[in-house]
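Structural features, examined
Read off the chains here:
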Amino acid sequence: MKAFVTVMPKAGVLDPQGKAIGHALSSLGFEGVADVRTGKVIELDLAETDPAKARAAAEEMARKLLANSVIESFKVEVV
Amino acid sequence: MNAVIIVFPGTNRERDMAIALERASGRKPTMLFHRADSLPAGTDLVVLPGGFSHGDYLRCGAMAAQSPIMQAVKDFAARGGHVLGVCNGFQILTETGLLPGALLRNATLRFLSMDCHMRVERAGTPFTANWRQGDVFRAPMAHGDGNYFCDEETLARLNGENLVAFRYATPDGAITPAANRNGARDNIAGILSPNLRICGLMPHPEDLVDPLMGGEDGLPMFTSLVESLATA
């Protein structure tokens, strides 16, 4: 099964990429975008077939490598 | 001084570092590839040089932090060993947790390749003994992710325990936002571990250690290490 790990900068951590995208959207005429944050999605193709175990494994991978808890938070979606 | 430079795939400043270490100590450092799982006997100093280890994939230094050699470096540090990380090496030190905080994308989103000035905030350490408190020196910098970040609690501890080694400054030593090109918190360019034996910084003192390079501003870091480790 697949696990999608979404890694985002924590609140309060500067996200200059998000700021730059926000400025670009504004200059394209898109209104009402209060804030933009950028992160990344990591797609894992897992041999595990049990959703709970797959989630636990993906969370462990996120804690150990995929996200840096000093600056990033993550969430795992298993499908 | 027996210095060991760790080389990861994508490291590219190891030879600059070797020149600086040899100039200060008269001894060629050992180059050690990251696949090794132990340090040579008698290692006095481990250096993590600059570059783009593992292509900066995922986060700068994240993959290198998981390399086999890093467990040996952590054990060496835990025994009181001296470790220097410059640029990508500083990023690796934060990713391994040997130093607190993280290095974010530069606030301007631009890769910065230019000289900067740093003010010595903590003299009298193995890395800074040959400067005086408040000295200002020039160093090249070349990074896209040098924007030092840490939470409020860590920042208070770094400042309170006097563990900030260097701050970005104007040539006359003023700590200003304009001198802080990458947007680092409190103009922090380099920090120290509580035992003062681990130091990480973004700019490259190893690239100004000879008049032929345009100056010797960075040499005191390496002579400091040689003298401190000779008497240790």
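Residues numbered from 1 in each chain as written. Chains lettered and ligands numbered in written order. Predicted model: local features only at pLDDT ≥ 70, side-chain atom pairs only at ≥ 80, totals over all residues. Heavy atoms only, no water.

**Quick notes on the overall build of chain A**
Short version of the rule: Where helices and strands are cited, they refer to DSSP runs of H or I of at least four residues and of E of at least two residues respectively, numbered from the N terminus. As defined in this context, the radius of gyration uses C-alpha atoms, and a globule is described by 2.2 Å times the residue total to the power 0.38. Note on exposure labels: buried denotes an accessible area under 20% of the residue type's maximum, exposed denotes more than 50%, and partly exposed covers the range between, all computed with a 1.4 Å probe on protein chains only.
The helix and strand inventory of chain A stands at 2 helices and 3 strands. Along chain A, from the amino end to the carboxyl end, the secondary structure elements read β-α-β-α-β. Radius of gyration (C-alpha) of chain A: 16 Å, far over the 12 Å computed for a compact globule of 79 residues. Principal axes of the C-alpha set define a box for chain A whose edges measure 45 × 25 × 15 Å. Within chain A, buried positions represent 30% of all 79 residues.

**Remarks on the UniProt feature "active site" (unreviewed entry) in chain B**
All names here are of chain B. Note the following rule: UniProt positions are given in the numbering used here, feature names are shortened, and annotations may be inferred rather than shown by experiment. Residue contacts are counted whenever heavy atoms from the two residues lie within 4.5 Å of one another. Counting of polar contacts relies on pairs of N or O atoms within 3.5 Å, with two restrictions inside protein: one atom must be capable of donating a hydrogen and the other of accepting it, and residues adjacent in sequence are counted only when both atoms are side-chain atoms.
Under the UniProt annotation, "active site" (unreviewed entry) lies at Cys87, His204 and Glu206. Despite a sequence span of 120 residues, these residues sit close together in the fold, their greatest C-alpha distance being 11.0 Å. In contact with Cys87, not counting residues within four places along its chain, are Gly50, Ala142, His143, Leu201, Met202 and His204. With respect to the helices and strands, the residue Glu206 is situated in the loop between strand 11 (198-201) and helix 5 (219-231). Not counting chain neighbours up to four residues away, the residues in contact with Glu206 comprise Arg13, Asp16, Met17, Ala20, Val86, Met213 and Phe222. Separated by 2.8 Å, the side chains of Glu206 and His204 make a polar contact.

**Quick notes on the packing of aromatic side chains**
Residues and elements named next belong to chain B. For clarity, the cut-off: Under the pairing criterion, centres of Phe, Tyr and Trp rings, with the six-membered ring standing for Trp, must be within 6.5 Å; the plane angle then separates stacked pairs below 30 degrees from edge-to-face pairs above 60, leaving the rest tilted.
Tallied over the entire structure, the rule returns 5 aromatic pairs over all chains. Between Phe137 and Phe166, the ring centres sit 5.5 Å apart and the planes meet at 75 degrees, which makes this aromatic pair edge-to-face. Taken together, the residues span a long stretch of sequence, with Phe137 in strand 7 (residues 136-143) and Phe166 in strand 9 (residues 164-169) at a distance of 29 residues. Across the pair, exposure class does not vary: Phe137 and Phe166 are buried alike. Linked through ring pairs, Trp131, Phe137 and Phe166 together constitute an aromatic cluster.

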